Amino acid sequence: KLATVLEPVQIGTLTLPNRIMMGSMHVGFERLPDGVARLADFYAERASGGAGLIVTGGAAVLPEGGMGEVYCNVYLDEHIEQLRVITEKVHQAQGRIALQLFHAGRYAYKEATGLDPVAPSPLQAPINRSKPRELDAAEIEQTIAAFAAGAVRAQKAGFDAVEIMGSEGYLINQFLSPVTNQRQDEWGGDFARRARFGIEVAKRVRAAVGPDFPVMFRMSGLDLIPDSTTMEETLQFARMLEEAGVDALNIGIGWHESKVPTISMLVPRGAYVWVARQVKQAVSIPVIASNRINDVRHAEEILRAGHCDLVSMARPFLADPQIVAKSVQGRFDEVNTCIACNQACLDHIFDGKVASCLVNPQVGREAEWALVPAAVRKKVAVVGAGPAGLEAARVLAERGHQVVLFEKQERIGGQLNYARQVPGKAEFNETLRYYRTQLARLGVEIRLGTEADADALVAEAFAEVVIATGVVPRVPEIPGRELGHVVMYDAVFEHKAKVGNRVAIVGAGGIACDLSHLLVHHEVISAQTADYLLSYRILDEQAIHRLQASKRKVFMLRRGKHVGSGLGKTTRWATLAQLKQKGVEMLTQIEYRRIAPEGVYISVNGEEQLVPADTVIIAAGATPNQSLYHALEGRLPVHLIGGAKEAGELDAKRAILEGAQVGRAI
Ligand code: SF4
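What counts as what
- Residues numbered from 1 in each chain as written.
- Predicted model: local features only at pLDDT ≥ 70, side-chain atom pairs only at ≥ 80, totals over all residues.
- Heavy atoms only, no water.
- Near = heavy atom within 4 Å.
- 1 Å grid on protein atoms, 1.4 Å probe; cavity = no way out; pocket = protein on both sides within 12 Å on 5 of 7 lines; lining within 4 Å.
- Sits in = over half its atoms within 2 Å of the grid points.
- Nonpolar A, V, L, I, M, F, W, Y, C, P; charged D, E, K, R; others polar.
- Pairing = 2+ DSSP bridges.
- Helix = DSSP H or I, 4+ residues; strand = E, 2+ residues; numbered from the N terminus.
- Axes fitted to C-alpha atoms, helices over the stretch in contact; angles between N-to-C directions.
- Phe/Tyr/Trp six-rings, centres within 6.5 Å; stacked < 30°, edge-to-face > 60°.
- Buried < 20%, exposed > 50% of the residue type's maximum accessible area, 1.4 Å probe, protein only.
- Lys NZ or Arg CZ within 6 Å of the ring centre and 35° of its normal.
- Salt bridge = Lys/Arg side-chain N within 4 Å of Asp/Glu carboxyl O.
- Contact = heavy atoms within 4.5 Å.

Here we take up the site of the ligand. Taken together, Arg-315, Leu-318, Cys-338, Ile-339, Ala-340, Cys-341, Asn-342, Ala-344, Cys-345, Cys-357, Leu-358 and Val-359 are the residues near the ligand. Among the cavities detected, the one that contains the ligand is the largest cavity. Classifying every residue of the shell around the ligand gives 10 nonpolar, one polar and one charged.

What follows concerns the sheet that holds strand β28 (residues 638–640). Spatially, β16-β15-β14-β17-β28 is the arrangement adopted by the five strands of the open sheet, whose pairing is parallel. What marks the edges here is a single partner per strand, and that holds for β16 (445–448) and β28. Averaged over neighbouring strand pairs, the angle between their axes works out to 20 degrees when direction is ignored. Two elements, strand β14 (residues 379–383) and strand β15 (residues 402–407), share five bridges in a ladder whose sense is parallel. Counted as the bridge partner of Ala-381 is Val-404 from β15.

Moving on: the packing of aromatic side chains. Two aromatic rings are characterised by how far apart their centres lie and by the angle between their planes. On inspection of all chains with the given rule, the structure shows 12 aromatic pairs. Seen from their ring centres, Phe-102 and Tyr-170 are 4.7 Å apart, and the 70 degrees between their planes marks the pair as edge-to-face. Of this pair, Phe-102 sits in strand β6 (residues 97–102) while Tyr-170 sits in the loop between β9 (161–166) and α5 (171–176), and the two are 68 residues apart along the sequence. We classify Phe-102 as buried; its relative accessible area is 2%. Taken together, a centroid distance of 6.4 Å and an interplanar angle of 75 degrees make the contact between Trp-187 and Phe-197 edge-to-face. Here Trp-187 is found in the loop between α5 and α6 (191–209), whereas its partner Phe-197 is found in helix α6, with 10 residues between them in sequence. With a relative accessible area of 0%, Phe-197 lands in the buried category. Here the aromatic cluster, defined as three or more aromatic residues joined through ring pairs, consists of Tyr-71, Phe-102, Tyr-107 and Tyr-170. Directly above the ring of Trp-187 sits Arg-196, whose terminal nitrogen or CZ lies 3.9 Å from the centroid. Above the ring of Trp-369, the side-chain terminus of Arg-365 is found at 5.0 Å from the ring centroid.

Under the criterion given, the structure shown has 45 salt bridges. Between Glu-7 and Arg-19 there is a salt bridge whose closest N-O contact spans 4.0 Å. Pair noted here: Glu-7 is in the segment before β1 (9–11) and Arg-19 is in the loop between β2 (14–16) and β3 (20–22), with a separation of 12 residues, a long-range link. As a salt-bridge pair, Arg-206 and Asp-247 come within 2.6 Å of each other at their nearest N and O atoms. Residue Arg-206 is found in helix α6, and its partner Asp-247 is found in the loop between α7 (231–243) and β11 (248–253); the two are separated by 41 residues along the sequence. Under the relative-accessibility criterion, Arg-206 is labelled buried at 12%. Owing to a relative accessible area of 15%, Asp-247 belongs among the buried residues under this scheme. Sharing partners across several salt bridges, the network here consists of Arg-331, Glu-334, Glu-391, Arg-394, Glu-398 and Arg-441.

What follows covers the environment of Cys-308. Along the chain, Cys-308 turns up in the loop between α9 (296–304) and β13 (310–313). You can call Cys-308 buried: its relative accessible area is 3%. Put simply, Cys-308 and Glu-391 are 83 residues apart on the chain and 36 Å apart in space, counted from C-alpha to C-alpha. Other than its neighbours up to four places away in sequence, Cys-308 contacts Ala-276, Lys-280, Val-287, Ala-289, Ile-302 and Leu-303.

See the structure below:
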């Protein structure tokens, strides 16, 4: 039962009704027509869904520190009226909202701003193509003044608070860290001088908004950058911020360029709460914990243990705007849980697109996709209970149709049942739990272990049929593929095939990566612990490798150049790094010669070599399973979605999106 979560809390003069905050996220709606109005609706929906406080995506305090017009800005007086649209909508929804004051420093893209990025020192970020220009003393003063002016504009626009963005490797963080600040003037050198910029920003903002306006500061609790700010300095900085008049500290983890995963599915839930706890012990103002907390019950545990005063969740509010309201009512099983996949939120943003959500594709289409009752209530068959069929059935039933869901396996989930077994992907269990609960609530009839037949569907007088029958694995034309030790990937996921200790996987896409993870999983220490030990240099990479090494040797083989090409931008690097750490070998640009009892013969640059293997797994893509579709064509209105429409990698994002579309189209 929730208790501590529901205790009101003060941020300066602002009283919040609960301790769940929606953390800052850039969702890119500003790109769309009526972007700010959409953003306002988006925040208002989360406010009415019970968020104690919402923090906006970063609003640039200066043009060179922003991301152009696809971010909110707060560097001109004319921005006040634009931003007021947001605060009015949120206040109408009885919510509270803080504007985040943002300057990207060396992370700003010249391509977006048309200006050279600026930084304490002219050191290029590994994730930016442009080298920054060093700020001179006068510009530093102007930048501090711009933060203060932005705060005043936020106040005028009706925001309830501001949050100064000082973490994630942005400008203030760049001043604090010796890695990015190599100045030898009054803004760099020893810790006190490196800290000065952030502290001056906090003081100047406080002075500008007066003593009663809540000012929060998002500070980096752990940079996860070699040789960066120490924990001792971090705690000292927290105390200095408190003295400077900051009302609450929101603890960020990692920089955007960090090599250690901070928010991906590979990071266990709540893995970084210990950082917030350390800061909390150093100060007396409220401390906010974040990163991989996606369940309000978990937030309750963290708060009850006294690790922090508030919990910030960001992506979970994309996945379910009602997460707090549902949890407060004890409807935990109805929550659509964020699975930390990043596939439709961060990956979209990094691709310059508008954010959405894999498990909730309505994000970014709020108005267009608002659910309306069906004009004519129909009896609809949905065939296949993978992600596409599940979402189609849910939306159809939500709109009032009578839905029967057919599934030939004995359980729902389709390929989600593969994904959820993969180490680090257990969050897919939540998606299955969500659909199970929703379909039961909506009265969808589920016929498990039932292969849908065209004649029977016609005889049962279904008005329309949605075909979500998924894929059939593809068998490549390699001599020897009929040998007994050659198995298909689905048989391995379904535990129908025996796998030995030397494995060659034909294919190196997303499915092959998942399979490799599953096959080499041998957890003496968790990936998170390994990252921690490495970043603090407690153990070196070789020692970690020895602890994590699997008895099983896996080779992934691919004709093309790229491994894991189906994986998202923000997670692919970490997935591949983990596989390499576990000794998986990736052989690319090869030609297959033949499969033999002793393994797979390949050629590399024309030279034949043997990849020894006692098991060969085929994970070389799939073709759409359209047999039922063709059998029904012309007899009933049929709709083809998901893998059955177009096979590809394990693409739950497209599957759920198409399920959501067809659910609104009938
Ligand atoms: Fe969470 Fe994935 Fe949705 Fe992003 S796309 S909010 S990570 S479920």
